[in-house]
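These are the residues of each chain, in order.
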Protein chains: 2
Amino acid sequence: MTIAPDHPALHVATAATFIERLHERWRQGRFVCVGLDPVCERIPEAILEGRTRGAAMLAFNTAIVDATAEWVCAFKPNAAFYEAEGIDGAVALAGTIAHIKRHHPAIPVIYDGKRGDIGDTNRSYATAAFDVLDADAATVHSYFGQASLRPYLERADRGVVIMTSNSDPGAAEFQDLPVGDAGEPLYQVVARSVATRWNGNGNCVLVVGAPFPDKIAIVRREAPDLPLLILGIGAQGAAVAPAIAAARDRNGEGMIVSSSRSILYASPGMDFAEAACAAARRLSEEIAAAR
Amino acid sequence: MTIAPDHPALHVATAATFIERLHERWRQGRFVCVGLDPVCERIPEAILEGRTRGAAMLAFNTAIVDATAEWVCAFKPNAAFYEAEGIDGAVALAGTIAHIKRHHPAIPVIYDGKRGDIGDTNRSYATAAFDVLDADAATVHSYFGQASLRPYLERADRGVVIMTSNSDPGAAEFQDLPVGDAGEPLYQVVARSVATRWNGNGNCVLVVGAPFPDKIAIVRREAPDLPLLILGIGAQGAAVAPAIAAARDRNGEGMIVSSSRSILYASPGMDFAEAACAAARRLSEEIAAAR
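Note that the structure is predicted; figures quoted are calculated from it, not measured.

Draft legend 1. A look at the environment of B:Gly237. All names here are of chain B. Residue position: Gly237 is located in the loop between β9 (228-231) and α12 (240-247). We classify Gly237 as exposed; its relative accessible area is 58%. Between the alpha carbons of Gly237 and Leu22 there is a distance of 25 Å; along the sequence they are 215 residues apart.

Draft legend 2. Highlighting the packing of aromatic side chains. Following the criterion strictly, the structure yields 12 aromatic pairs over all chains and no others. Centroid distance A:Phe60 to A:Phe272: 4.9 Å. Interplanar angle 20°. Geometry classified as stacked. Linking A:Phe60 in helix α3 (residues 53-68) with A:Phe272 in helix α14 (residues 272-290), this pair joins segments that are 212 residues apart in sequence. Under the relative-accessibility criterion, A:Phe60 is labelled buried at 1%. Look at B:Phe60 and B:Tyr265: their rings are 6.0 Å apart centre to centre, the planes differ by 15°, and that puts the pair in the stacked class. With B:Phe60 in helix α3 (residues 53-68) and B:Tyr265 in the loop between α13 (261-264) and α14 (272-290), the pair connects residues that are 205 residues apart, well separated along the chain. Taking relative accessible area as the criterion, B:Tyr265 reaches 12% and is therefore assigned buried.

Draft legend 3. Geometry of the relation of the copies chain B and chain A. Note on the copies: chain B fits chain A at an RMSD of 0.1 Å, the axial shift is 0.0 Å, and the rotation between them is 180°. Taken together, the rotation angle and the small translation identify this as a two-fold axis. Within chain B, B:Val179 has its C-alpha nearest the rotation axis, a separation of 2.4 Å. Of the residues that chain B buries at the interface, 100% are likewise interface residues in chain A, meaning the two copies contact each other through the same surface.

Draft legend 4. Fine view of the pairing of strand β5 (residues 159-163) of chain B. All names here are of chain B. Of all 5 residues in β5, 5 are buried; the element is thus mostly enclosed. The two faces of β5 match: Gly159, Val161 and Met163 on one face and Val160 and Ile162 on the other face are all buried. Summarising the sheet, strand β4 (residues 137-140) and β5 pair through 4 bridges and their orientation is parallel. Looking across to β5, one finds that Thr139 is bridged to Val161. Relative to strand β8 (residues 204-209), β5 runs parallel, the two being bridged by 4 bridges. The residue of β8 that forms the bridge with Val161 is Val205.

Draft legend 5. Representation of empty space enclosed by the protein. Enumeration over the complete set of coordinates arrives at 4 cavities of 30 Å³ or more. There is about 50 Å³ of room inside the largest cavity. Every residue along the wall of the largest cavity is listed here: A:Glu83, B:Tyr111, B:Gly113, B:Arg115, B:Tyr125, B:Ala128, B:Ala129, B:Ala138, B:Thr139 and B:Tyr152. For the lining of the largest cavity, the residue count by class is 6 nonpolar, 2 polar and 2 charged.

Draft legend 6. Looking closely at the sheet that holds strand β1 (residues 32-36) of chain A. Residue and element names in this part refer to chain A. Taken in spatial order, the 8 strands of this open sheet run β2-β1-β10-β9-β8-β5-β4-β3, and their pairing is parallel. Two strands close off the open sheet at either side, each with one partner strand: β2 (72-77) and β3 (110-115). Strand-to-strand twist in this sheet, taken as the mean axis angle between neighbours without regard to direction, amounts to 25°. In this structure, strand β9 (residues 228-231) lies alongside strand β10 (residues 255-259), joined through 3 bridges in parallel fashion. Following the sheet pairing, Leu229 is matched in β10 by Ile256. Most of the contacts of α14 go to β1, to which it runs at about 145°, and overall it touches β1 and β10.

Draft legend 7. Just the sheet that holds strand β2 (residues 72-77) of chain B, in detail. All names here are of chain B. Strand order across the open sheet formed by 8 strands is β2-β1-β10-β9-β8-β5-β4-β3, with parallel pairing between neighbours. Of all strands in the sheet, those bounded by a partner on one side alone are β2 and β3 (110-115). Mean inter-strand twist for the sheet, computed between neighbouring axes without regard to direction, equals 25°. In the sheet, β3 pairs with β4 via 3 bridges, with the strands oriented parallel. By the bridge assignment for β4, Tyr111 is matched with Ala138. In the packing of helix α11 (residues 213-222) onto the sheet, contacts are made with β8 and β9, and the angle to β8 comes to roughly 160°.

What counts as what
- Residues numbered from 1 in each chain as written.
- Chains lettered and ligands numbered in written order.
- Predicted model: local features only at pLDDT ≥ 70, side-chain atom pairs only at ≥ 80, totals over all residues.
- Heavy atoms only, no water.
- Helix = DSSP H or I, 4+ residues; strand = E, 2+ residues; numbered from the N terminus.
- Buried < 20%, exposed > 50% of the residue type's maximum accessible area, 1.4 Å probe, protein only.
- Phe/Tyr/Trp six-rings, centres within 6.5 Å; stacked < 30°, edge-to-face > 60°.
- Least-squares fit on C-alpha atoms with pLDDT ≥ 70 in both.
- Contact = heavy atoms within 4.5 Å.
- Pairing = 2+ DSSP bridges.
- 1 Å grid on protein atoms, 1.4 Å probe; cavity = no way out; pocket = protein on both sides within 12 Å on 5 of 7 lines; lining within 4 Å.
- Points joined across faces, edges and corners; volume = space filled by probe spheres on them.
- Nonpolar A, V, L, I, M, F, W, Y, C, P; charged D, E, K, R; others polar.
- Axes fitted to C-alpha atoms, helices over the stretch in contact; angles between N-to-C directions.

Okay, structure coming up:
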């Protein structure tokens, strides 16, 4: 009897924590993160036929996941696209994560819900992300400070992905405000706070925006050892090479390069999964050339 | 044939927008907001028996809502407590909001999910809050700036409740950082930005923390006409009178005073609903004495 390499019985053999799994994928040269942000209006007709919208999202996602898994270091479902479909979407999100855990246990899942509340409430959010959905990491807002995020930070086996310098041009309104005596931009203070004080369990990740390599470089300087989640590659139009050059750590690693629409919708037809695989591979090769 | 005053056919007769409904309740002297944050471990045994956890949360919530509606200006379910129960919790949240809409259509519902993403993604979050759940208002993070929140801000009939100065002591870590040449705390800059530039549709609300009346006073000065959602009353231990004195607008109104645990769990027994009503009334009277 042979056991397939992705059999759940082998799950325990994979690296245990989020960060360890990430490092394992980096060692294999995998830095792409596929953002699983399905929109029914862009899912091929043949997938939608005879299915509820949630069931179609799940069918689309599992095809994308299976087609791109070889090229990625993580998958990142964004809660917004599931919540917009109500209960049906909630089932699709849970089913998508369960599929990844079952069939691709080596690849960590980042639940992108961008939450941030008082500590007591964050305890329930952390339970929802890490225990109910069984995600390996979750995105959070830093505005309420370190104390409020303790329920996330204390989960040493899970990743805590903190909004720092984002890909939206308008995000500069507050995140770039000069703060303190030195007049440093707020995002720099956030990056340094996380790197020097919040990361006691070594499970923090910082979010940066690919369109702004200069800001990525500042974040990398403040946090030389932290993984950076890079947003804005692909449909948001940012160039790959300058972002990678600014984001890589001293080992040429330390990057989670997220792309969503340009992979999910690489083809509008029923060859969408093959096209997604090709798009993920192309991005992976671009990163390899730049790092 | 008579139509009961809470019949949905009369729904159209109530004030149309979130802000108008709020003003209508204020005119009736109602400023309490009950935070619907149910935790199964604190729900009476008799409610839990024979029900799923989600069904018990819904039964508990509807009893609380019906018992306290007379004394409130809004209800505020916090997403964390529902998401921690998975799909069952999502059904309880949808059912809770549907119950309020059906039986208490004059009372607005604030969906407390504290979201904040890029503009494109916020469009899906706004759909989820306002169209799928049919909440009248939603809480959001400001970190990505005004442009990102356009999908919320452009919904003139709904409220956009923006994190400003929060009730957690640790929240001072970033929100109190001195900004720019004037060295004003970040939360003050957020309050002024919202009041002077974001509030074109007159649908913005600012969040302040009851334990810090001095900060509430600064926010009120920057935003003389905006409703303030006051958190931290009750179980979080803040005194009512100083918070109200700092928060009231020139009409002695402009306040949404949220309390959760001290109303929900006013009694551990099967008289929990009556006890909740009494606790809401007491808080309402305390506010009346202080405003």
